[in-house]
Structures are given as C-alpha cells and as structure tokens.
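So you can see what is in the structure, the chains are spelled out below.
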Amino acid sequence: MRTNFPHIRLRWHRVGSATAVTAALVLAGFGTAVQADATTSSKVTWAATPCATPKKTGELACNSLRVTGGTTAFQKARGITPKAADAAAPSGYGPSDLQSAYGLTAASAANGSGETIAIVDAYNDPNAEADLAKYRSYYGLPACTSASGCFKKVGQTGSTTSLPTSDAGWSEEISLDLDMVSAIAPNAKILLVEAKSATMANLGKSVNEAVTLGAKFVSNSYGGSESSSDTTYDSSYFNHPGVAITVSAGDDGYGAQYPAASKYVTSVGGTALSTASNTRGWTESVWKTSSTEGTGSGCSSYDAKPSWQTDTGCTKRMISDVSAVADPATGVSVYDSYGVTAGWYTFGGTSASSPIIAAVYALAGTPGSSDYPAQYPYAHTSSLNDVTSGNNDSCSTSYFCTATSGYDGPTGWGTPKGVSAFTG
C-alpha cells in the first residue's frame, strides 16, 4: 500500500489579491493558513475540505474545496450582494447554469432514465439522502429516494446496513458528488458506494462493487501520488469494459496523480467557468490559483498510453482527457448538513468535474459492452468546447501544463458541448 499525503494543503485563498496569506502550523505538523481580512473583501476565499488531508498513512485525498467568503461568479452574474457561504441561499452555479454552459439543457430533461450513476467515496454520510432531497427539491428536480428505488447507499460489500464510520469531511465530498450528478442527469438513478476507508484497496473494491451492482457510470473524486503499484491497481479495480469510469485529475496543479493516470478511466481536468457575451454565453480557461493549486495534469510515470491517445510528447498515459468547471471562485452550489451548519455552500475542485462528466456519459447512453468509454471524446473532438487559455504551472513540454488549440494536459480535448463526444 502506498504511503502518501499528496494534499496536505488546508489553507485559505484570495483570488486576485496581492495581500499575503498568513500561515501557521497546526496539529501533527500539518499546514494551514488564515486569510487576514476575508470578511472585508468581495474576493472569493476558500479552504480545502477536511477529506483533502488524509487521516492515515496510505489514504488518498478527496479533491474538493469549499468557499468561505467573498462574491462568487454566480453571484456577480446576478448582482447578488451577500457574501458567499452564509449557508442561507445558493451562491454557486445550479443545474440550469451547468446545463446551459455545457449544451445539455435538452438532454438533461429527456435522457438518463434507466441509467445508474455510481459515486465512490470513503466513509459514511448519514445525511446523504436527506441532503440530496433538499438540493433536488430546491431546484425543481424530480425526487430521488431510496423508497422509490432511485437512490441507493451501500458499503463496499454492497450491504445497505453495514456502513462505514461517518465522517464530516467526506460527507461534504459526497454531497458535492451527488448534487453534480443530479444537476446534469436528474432522470438517472444514483448509487452511492461508501468505502470503509480512503485507501486505494477499499476505494477500488468499492468501484468493483458499483459495477457488480449494475452501474455503467462510476465517478471517483479522489487521488494521490503515483506508485509502481498502479498497474496492478489498474487490473484489479479499473479494467471494466462497457463502464465509463471518471476520475478527477487533482487540485494540486501540474503533476500526475492516480487513479486519474489509469489507462482505463476518463481523467477529468478543471476549468474556471464564467458567463460571456459570445454565442455560447460562457467562457472557460484552465483553473489555476497558484503553482500548487489548480487542476492536475501531466505525463504518467507508470501507466501505459492507451491506444486512442496520440499526443507525442508523453510516451505513457497523459492526464487529462476532458474537463469541466472546478475553480471554486466559479464554483457550484451544494447542500450539506453533516458536521456543518445545514445549508448552501459553494464548492470547487476537480471533485466537481468528475461527477459532471460521469453524468454527461449517462445522458449519452449505455456504452458498448466491450468499449473503454475514455476513448469516445478522442473520436469526437469537434463536439467539445476547446479551452485555449490558461495554465496550471510552467513545464518543459508546454502542452503538459498550458492550454492550447486542440489537446492539452490541463483540459484534455475540452468541455462538453452536448453529449455527442461521449458516445461510441
């Protein structure tokens, strides 16, 4: 089992400010930082969710950040003045925004029935179903309950009663994932599989259980540093033909992570998403806050290059394939109540991107039984919004970390423009 703490980064951020962030060390040598004047600024501030710091050696990190103050892109676009994260009302993009941005309004209304989208996370969220109901009711989405058979929560063995220990940090991640699937594919069923811990073995077993239970779409919003064990993990947990498995690319800026580096998954990078006065009505760039925070990307050190990936600068697996919104300053609305004041929060991180893309796959229909759906976007590149601006750091091979026309590491081939790029 790998020993890594790839995301020790519980810190606050201000977008577009020259004010220095005051840092302090806290328990167990982990780092955190305090934003000195966040309460007086309209600039967006946020912190990594608690699950972004692994509790134990060998655990992986979630890839989510929660806004703590300021005025988000959603609020600015609507002239909403209250600061974000007061929990009283949504301060991030909702379903209609995301569907509009990605050309999915018609497909979200008509498609997805009969499909099951699985969310794999660690630990238990005891309020998952109740919080999901709040989100869906507020936005006028059809109810999705365990009583109706639309929603199901199980542990990694498939049991509905033997569930892992509850955890407030991972509950935030779970709420984000469930809400993003709901926003994009409100007619689909949702299966939440909760691993008993955040190790690759337990999360991987949860992926296998999701597939066993019939999910054709599985979202994974976690990751860690690569290791020589990754090719073994590939064959043990991620080699599922006929299943679209999405994985967030990471929130630490340039650098490859696993399982996003698996050749069997769709690795999902992150963008900043804002309204614009163009034909699309939206514009996107690479999400980057600093050299240590932004979407992940990079050339794997271990995983072989899949046959459909043809970039020439990386001889092994290149991250990412596609992308979606991840910048917390342009973040998404989430309802959460476990371990926090019950209410509305805005989240970012590539933990938002992965379930969005999994849900787009579900709108596109069941994959071919022998297909690896990660290859689909490569055959339909004109059916994606090409992201051509921004970077997540500097690197010796430009497209590994810098957006360009066509394929690049931070955003892959781009973001959804309808569902055509996600079909066989």
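Here the structure is shown first, and the text comes after it.
In this report, the structure presented in the accompanying data block is examined. None of the values given here were measured: they were computed from a predicted structure.

Description of the overall build of the protein
Then, number 1: Across its full length, the protein holds nine helices and 23 strands.
Then, number 2: When each of the 424 residues of the protein is scored for burial, the buried share is 60%.
Then, number 3: A separation threshold of at least 6 residues defines the contact pool for the protein, and within that pool the share at least 24 residues apart is 74%.
Then, number 4: Here the protein displays about 14200 Å² of accessible surface, and carbon together with sulfur accounts for 51% of that area.

Focus on the nonpolar core
Then, number 1: By size, the foremost hydrophobic cluster in this structure holds 103 residues, and its most contacted members are Leu98, Ile117, Leu178, Leu203, Val218, Tyr222 and Phe238.
Then, number 2: In this structure, Val218 is in contact with Ala118, Val120, Val207, Ala210, Val211, Val243, Ala244, Ile245 and Thr246, ignoring residues within four places of it in sequence.

A few points about the pattern of salt bridges
Then, number 1: In total, this model carries six salt bridges according to the counting rule given.
Then, number 2: Between Arg66 and Glu172 there is a salt bridge, and its shortest N-O distance comes to 3.1 Å. Within this pair, whereas Arg66 is found in strand β6 (residues 65-69), its partner Glu172 is found in helix α5 (residues 168-184), the two being separated by 106 residues in sequence.
Then, number 3: Between Arg317 and Asp321 there is a salt bridge, with its nearest N and O atoms 2.7 Å apart.

Considerations on the pairing of strand β17 (residues 293-304)
Then, number 1: Strand direction decides the pairing type here: strand β13 (residues 252-254) and β17, joined by two bridges, are parallel. Among the inter-strand pairings, Tyr254 is bridged to a residue of β17, identified as Ser297.
Then, number 2: In this structure, strand β16 (residues 288-290) lies alongside β17, joined through two bridges in antiparallel fashion. Opposite Ser290, over in β17, you have Glu293 as the bridge partner.

A few points about the packing of aromatic side chains
Then, number 1: The full count for this structure, using the stated rule, is 19 aromatic pairs.
Then, number 2: Where Tyr93 meets Trp282, the ring centres are 5.4 Å apart and the plane angle is 80°; that geometry is what we call edge-to-face. With Tyr93 in the loop between α1 (73-78) and α2 (95-101) and Trp282 in strand β15 (residues 282-286), this pair connects stretches of sequence that are 189 residues apart. Across this residue pair, the class does not change: Tyr93 and Trp282 are buried.
Then, number 3: If you follow Arg66 out to its NZ or CZ, it ends over the ring of Tyr345, 4.9 Å from the centre.

Structural notes on the side chain of Ser171
Then, number 1: Locating Ser171 in the fold gives a position in helix α5.
Then, number 2: Only 3.4 Å separates the side chain of Ser171 from the side chain of Asp125, close enough to count as a polar contact.
Then, number 3: Polar contacts involving the side chain of Ser171 include one to the main-chain carbonyl oxygen of Asp167, which spans 2.7 Å.
Then, number 4: What Ser171 contacts, discounting residues up to four positions off in sequence, is Asn124, Asp125, Pro126, Asp336 and Tyr338.

Considering helix α4 (residues 128-138)
Then, number 1: Buried within α4 are the following residues: Ala128, Asp131, Leu132, Tyr135 and Arg136. Within α4, the buried residues cover an arc of 130° as seen down the axis, which keeps them to one side.
Then, number 2: Elements in contact with the buried residues of α4: α2, β8 (151-155), α5, β9 (189-195), β20 (332-336) and β21 (343-348).

Thoughts on the pairing of strand β12 (residues 244-248)
Then, number 1: Burial within β12 is extensive, with five of its five residues counted as buried.
Then, number 2: Here β12 shows no split at all, with Ala244, Thr246 and Ser248 on one side and Ile245 and Val247 on the other all buried.
Then, number 3: Alignment of strand β10 (residues 217-220) against β12, held across four bridges, turns out to be parallel. Across the sheet, Val218 pairs through a bridge with Ile245, a residue of β12.
Then, number 4: Both β12 and strand β14 (residues 266-275) contribute to a ladder of three bridges, which runs parallel. Bridge assignment links Ser248 to a residue of β14, and that residue is Val268.

Re the state of the cysteines
Two cysteines form a disulfide when their sulfur atoms are joined by a covalent bond.
Then, number 1: Counted under the stated rule, the structure contains four disulfides.
Then, number 2: Disulfide partner of Cys51: Cys62, at an S-S distance of 2.0 Å. Judged by the sign of its S-S torsion, about 90°, the bond between Cys51 and Cys62 is right-handed. Of this pair, Cys51 sits in the loop between β4 (45-48) and β5 (61-62) while Cys62 sits in strand β5, and the two are eleven residues apart along the sequence.

Things to note about unusual backbone geometry
Then, number 1: At the junction of Tyr258 and Pro259, the peptide bond is cis and its omega measures out at 15° in the coordinates.
Then, number 2: If you trace the backbone, Pro259 turns up in the loop between β13 and β14.
Then, number 3: Residue Ser320 follows Ile319 across a cis peptide bond; omega there is 20°.
Then, number 4: With respect to the element layout, Ser320 can be found in the loop between β18 (316-319) and β19 (322-325).
Then, number 5: Residues other than glycine seldom take positive phi values, yet Tyr123 does so here, at roughly 65°.
Then, number 6: Relative to the helices and strands, Tyr123 resides in the loop between β7 (116-122) and α4.
Then, number 7: Here Tyr123 falls in the buried class, since its relative accessible area comes to 7%.

Calculation rules
- Along each chain, residues carry numbers from 1 onward, in the same order as the chain's sequence is written.
- Local features in this predicted model are restricted to residues of pLDDT 70 or higher, and side-chain atom pairs are both shown and tallied only at a pLDDT of 80 or more, whereas totals for entire chains, interfaces and linings draw on every residue.
- To obtain the side-chain values, all non-hydrogen atoms of the structure were included, while hydrogens and water were left out.
- Counting from the N terminus, the helices are the DSSP runs of H or I reaching at least four residues and the strands are the DSSP runs of E reaching at least two.
- Each residue gets one of three labels from its accessible area relative to the maximum for its type: buried under 20%, exposed over 50%, partly exposed in between, using a 1.4 Å probe on protein chains only.
- We call two residues in contact whenever any of their non-hydrogen atoms come within 4.5 Å of each other.
- Each accessible area is a Shrake-Rupley estimate made with a 1.4 Å probe; only the visible protein chains count as cover when residues are assessed.
- Put simply, buried Ala, Val, Leu, Ile, Met, Phe, Trp, Tyr and Cys residues joined by side-chain atoms within 4.5 Å make one nonpolar core.
- In what follows, salt bridge is the name for a side-chain nitrogen of Lys or Arg lying within 4 Å of a carboxyl oxygen of Asp or Glu.
- What makes two strands pair is DSSP finding at least two bridges between them.
- Stacked, edge-to-face and tilted labels apply to pairs of Phe, Tyr and Trp rings (six-membered ring for Trp) whose centres lie within 6.5 Å, assigned for plane angles under 30 degrees, over 60, and everything in between, in that order.
- Sitting over a ring, as applied to charges here, requires NZ of Lys or CZ of Arg to be within 6 Å of the ring centre and within 35 degrees of the ring normal.
- Think of a polar contact as two N or O atoms within 3.5 Å of one another; within protein, one of them needs to be a possible hydrogen donor and the other a possible acceptor, and neighboring residues in sequence only count if both atoms come from side chains.
- Our arc is simply the arc of the directions from the helix axis toward the C-beta atoms.
- To count as a disulfide, a pair of cysteine sulfur atoms needs to be within 2.5 Å.

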